[in-house]
Amino acid sequence: MDRPFTYDLASELGAGVGSLVRFRFHGSLTKGWILGPTDDVPPRMLPVQRVVSAVPAFDEELLALARWVAARYVAPLATVLDRLSPPRVASEEDAVPAAADGAVGSTPPPASPVFTAYREGQALLATLRSGSGGFTVRPAPDDEGAAAAEAVAACLAGGRRAIVLVPEATPAPATVTLLRERFGPRVAVFAGGDRRTRYRTWLAIRDGAADVIVGTRPAVYAPVKDLGLIWVARESHPGHREERSPMTHVRDVGMARARGVGAVLVLASLCPSAESAAMDLRHVAPVSRRWPKVEVVPPGPEGRARRLVQALPEVRRGFLFTPLRGYGTAAVCRSCRAPAACASCGGVLRLADGAIRCAVCETPGRCRVCGGGSFAIRRGGAERVVEWARAVAGVPVREPGRPRLPRAREILVGGAGDVRDLGPAGLDLVGVLDADLGLRRPGLAGRERALATWMEAVAWAAPAGRVIVQAEASSDPAIQALVRGDAARFHERERTVRAAAGFPVGSAVFRAVGDDRLPAVVAAIPAITSLVTTLEGRTVCLLALEPGQIDAFGAAMRTLAAAGGLERVDAEPHL
Ligand SMILES: [Zn+2]
Ligand SMILES: [Zn+2]
């Protein structure tokens with residue numbers, strides 16, 4: 001029932017757009033939001049019974065954005081409206097202080113400027129003061145947080161407010177810490193926290209108590225007035241994409257919101273996504289390239305290049321990246337000599353913390369053939385790297401436990417989960433191990449994700465530090481992008497690969513599940529790619545569409561859903 005219903009709203013109730021109200025629907029009391037007046041008034045209407053909350057969940061601006069999201073992702077409007085505000089904690093509404101005066105506060109004195117040394121930097125700052133439009137920013141490694149702060153300052157100087165979106169809440173990204181130091185009480189952090197804190201923060205933002213909203217993806221809907229900037233930090237990070245359907249991405253929602261209110265969208269990243277690289281935005285980057293020197297060497301026996309082993313004794317602070325956890329993987333069963341595989345699911349068996357478990361389903365490792373529990377181990381992984389690096393390094397070598405930078409006199413060994421926005425690091429050495437594994441990551445965006453992680457790790461090296469990448473495929477465009485610190489040519493190649501796979505960058509991808517009426521409905525929509533399969537009696541369609549076809553596709557799906565022929569639609573599924 002993805003459509004609005006008409007009720008009689010008495011003006012004494014004092015409700016308006018976004019108000020949560022109680023009314024009778026098919027005989028039972030239910031809750032819903034007011035979307036606004038209608039000219040299409042039926043002869044008989046039931047009354048709205050009462051207002052549940054005095055605080056509207058959204059205004060006209062956010063309602064328009066929700067309508068855009070519902071159309072773009074072919075999602076029920078009610079599902080999107082539910083995302084605009086955090087779950088309500090009624091008692092917090094009584095505790096709301098008197099509204100702030102609503103004006104944007106004065107701007108703190110500038111810190112050392114970043115954008116003076118950037119191409120298009122002055123254009124970005126001028127637009128932030130009074131204009132609108134989209135930019136990509138590729139900061140130099142040590143400028144990541146400072147660039148965000150300078151952009152926010154320019155936005156505030158123009159009398160407008162800013163939203164800064166970060167992909168993860170804990171540990172607090174260095175960008176968040178820096179913004180809090182710089183802008184103090186004018187910053188509201190809308191990320192993590194318990195239910196009460198989240199709702200209280202949301203109410204405060206709504207009252208105009210903050211000029212800078214820093215948060216994870218729900219903050220893209222923060223109820224901010226006079227919005228001038230949406231800054232997306234680490235734009236290519238998967239944390240910016242919603243995990244539940246509709247799987248919205250802050251890049252697209254942010255773009256729509258900025259366009260709707262005449263604000264500026266900035267997609268910032270050391271390694272942009274293929275999508276942002278193809279978006280035709282103004283590009284802001286350092287005039288002179290600042291990137292450490294990167295050496296690419298063959299991995300050597302057991303993934304230990306001689307160059308890396310020779311470098312380690314001199315290292316005071318370093319980071320070794322490996323995509324593998326644990327000590328190694330099971331190769332063959334010691335009892336029956338069968339190739340090792342999980343007895344439950346057939347997955348790879350990994351030795352970590354002294355125990356063998358399935359890397360996929362986590363059950364204790366048993367031979368798929370004879371049920372035995374003893375395996376010959378192929379060594380490789382963070383635990384093993386710690387072991388061999390300890391034997392040659394001059395300082396302690398360890399896994400960090402939680403994401404952090406190495407202390408003075410320490411080498412850390414970690415994986416993708418450890419590579420975070422932790423601020424300028426200035427390391428003597430960054431090693432990237434098992435790069436060839438990253439190049440084989442499955443999925444359309446697998447290689448891009450590997451490259452982004454490597455670039456974020458390499459950015460931890462001091463300008464005069466060393467970077468050693470162990471890879472056989474030294475001429476691969478991803479490895480070459482890592483050497484240059486610039487993913488432009490890699491993206492050119494990826495665009496070709498994605499187009500050849502039938503899912504070009506910038507196309508809209510949908511997966512629809514329905515009954516045997518679905519294929520004919522889908523066939524009527526002009527598609528770049530259309531794959532139809534049958535699975536357990538249901539029909540599954542995978543489509544790539546030109547963006548101009550989304551509305552027609554959405555209308556067809558809503559009609560089919562109303563006729564009972566559609567189970568679900570997912571926009572932008574993982575491929
Ligand atoms: Zn398993
Ligand atoms: Zn066996």
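Summary of the structure given here. Predicted model, so just to flag it, every value in this text is computed and none were measured.

Parameters at a glance
Residues numbered from 1 in each chain as written. Chains lettered and ligands numbered in written order. Predicted model: local features only at pLDDT ≥ 70, side-chain atom pairs only at ≥ 80, totals over all residues. Heavy atoms only, no water. Helix = DSSP H or I, 4+ residues; strand = E, 2+ residues; numbered from the N terminus. Buried < 20%, exposed > 50% of the residue type's maximum accessible area, 1.4 Å probe, protein only. Areas by Shrake-Rupley, 256 points an atom, 1.4 Å probe, with all protein chains shown as cover. Donors = N, O, S within 2.8 Å, 3.2 Å for Na, K, Ca; no water. Tetrahedral: all angles 85-135°; square planar, octahedral: opposite > 155°, others 65-115°. Core = buried A, V, L, I, M, F, W, Y, C linked by side-chain atoms within 4.5 Å. Contact = heavy atoms within 4.5 Å. Expected span 1.5 Å × (residues − 1). Arc of directions from axis to C-beta. 1 Å grid on protein atoms, 1.4 Å probe; cavity = no way out; pocket = protein on both sides within 12 Å on 5 of 7 lines; lining within 4 Å. Points joined across faces, edges and corners; volume = space filled by probe spheres on them. Nonpolar A, V, L, I, M, F, W, Y, C, P; charged D, E, K, R; others polar.

**What to know about the overall build of the protein chain**
Line of reasoning, step 1. Secondary structure summary: the protein chain contains 17 helices and 25 strands in total.
Line of reasoning, step 2. By the burial criterion, 51% of the 575 residues in the protein chain qualify as buried.
Line of reasoning, step 3. Accessible surface, the protein chain: about 25900 Å² in total, of which carbon and sulfur atoms supply 52%.

**A look at the coordination of the zinc ion (ligand 2)**
Line of reasoning, step 1. Surrounding the zinc ion (ligand 2) are the protein donor atoms Cys333 (SG), Cys336 (SG), Cys367 (SG) and Cys370 (SG), at 2.3 to 2.4 Å.
Line of reasoning, step 2. Viewed at the metal, the four donor atoms of the zinc ion (ligand 2) are separated by angles of 105 to 115 degrees, and the geometry they form is tetrahedral.
Line of reasoning, step 3. Each donor residue of the zinc ion (ligand 2) lies on one chain, and together they are spaced C-x2-C-x30-C-x2-C. Of this pair, Cys333 sits in strand E14 (residues 328–333) while Cys367 sits in the loop between strand E16 (355–358) and strand E17 (375–379), placing them 34 residues apart in sequence. Note on accessibility: Cys333 and Cys367 belong to one class, buried.

**Digging into the nonpolar core**
Line of reasoning, step 1. Judged by nonpolar contacts, the single largest core of 62 residues is most densely connected at Ile213, Phe510, Phe553 and Met557.
Line of reasoning, step 2. Looking at this core element by element, the count peaks at six residues for helix H1 (residues 60–72).
Line of reasoning, step 3. For Met557, the residues in contact, after removing those within four places along its chain, are Val74, Ala512, Leu518, Val521, Val522, Leu566 and Val569.

**Overview of helix H17 (residues 550–562)**
Line of reasoning, step 1. With 13 residues, H17 should reach 18 Å at 1.5 Å per residue; the first-to-last C-alpha distance of 18 Å fits that figure.
Line of reasoning, step 2. Of the residues making up H17, those classed as buried are Ile550, Phe553, Gly554, Ala556, Met557 and Leu560. The buried side chains of H17 occupy one side of the element, clustering within an arc of 165 degrees when seen end-on. Turned more than 90 degrees off the buried face of H17, the exposed positions are Asp551, Thr559 and Ala562.
Line of reasoning, step 3. On the buried face of H17, the contacting elements are H1, strand E22 (508–514), helix H16 (518–523), strand E24 (538–545) and strand E25 (566–571).
Line of reasoning, step 4. The first or second residue beyond H17 is Gly564, which carries a positive phi of 80 degrees.

**Points about the coordination of the zinc ion (ligand 1)**
Line of reasoning, step 1. Note on the zinc ion (ligand 1): its protein donors are Cys342 (SG), Cys345 (SG), Cys358 (SG) and Cys361 (SG). The metal-donor distances range over 2.2 to 2.4 Å.
Line of reasoning, step 2. Considering all four donor atoms around the zinc ion (ligand 1), the spread of angles at the metal, 101 to 117 degrees, places the coordination shape in the tetrahedral class.
Line of reasoning, step 3. Counting along the primary sequence, the residues that act as donors to the zinc ion (ligand 1) give the motif C-x2-C-x12-C-x2-C. Separated by 16 residues along the polypeptide, Cys345 in the loop between E14 and strand E15 (349–352) and Cys361 in the loop between E16 and E17 bring together distant segments of the chain.
Line of reasoning, step 4. Taking the relative accessible area as the measure of exposure, Cys345 reaches 38% and is therefore partly exposed.
Line of reasoning, step 5. Using a relative accessible area of 30% as the deciding quantity, one classes Cys361 as partly exposed.

**What about empty space enclosed by the protein?**
Line of reasoning, step 1. The tally for this structure, following the rule as stated, stands at two cavities of 30 Å³ or more.
Line of reasoning, step 2. In this structure, the largest cavity spans a volume of roughly 80 Å³.
Line of reasoning, step 3. Around the largest cavity sit Pro167, Glu168, Pro171, Pro173, Arg234, His237, Val419, Arg420 and Asp421, which together line it.
Line of reasoning, step 4. Split into classes, the residues belonging to the lining of the largest cavity amount to four nonpolar, one polar and four charged.
Line of reasoning, step 5. Here the second largest cavity defines a volume of roughly 50 Å³.
Line of reasoning, step 6. As for the second largest cavity, its lining consists of Pro139, Glu144, Thr175, Trp231, Ala233, Arg234, Ala268 and Ser269.
Line of reasoning, step 7. Looking at the lining of the second largest cavity residue by residue, the classes come out as four nonpolar, two polar and two charged.

No statement about biological role is implied by the geometric values presented.
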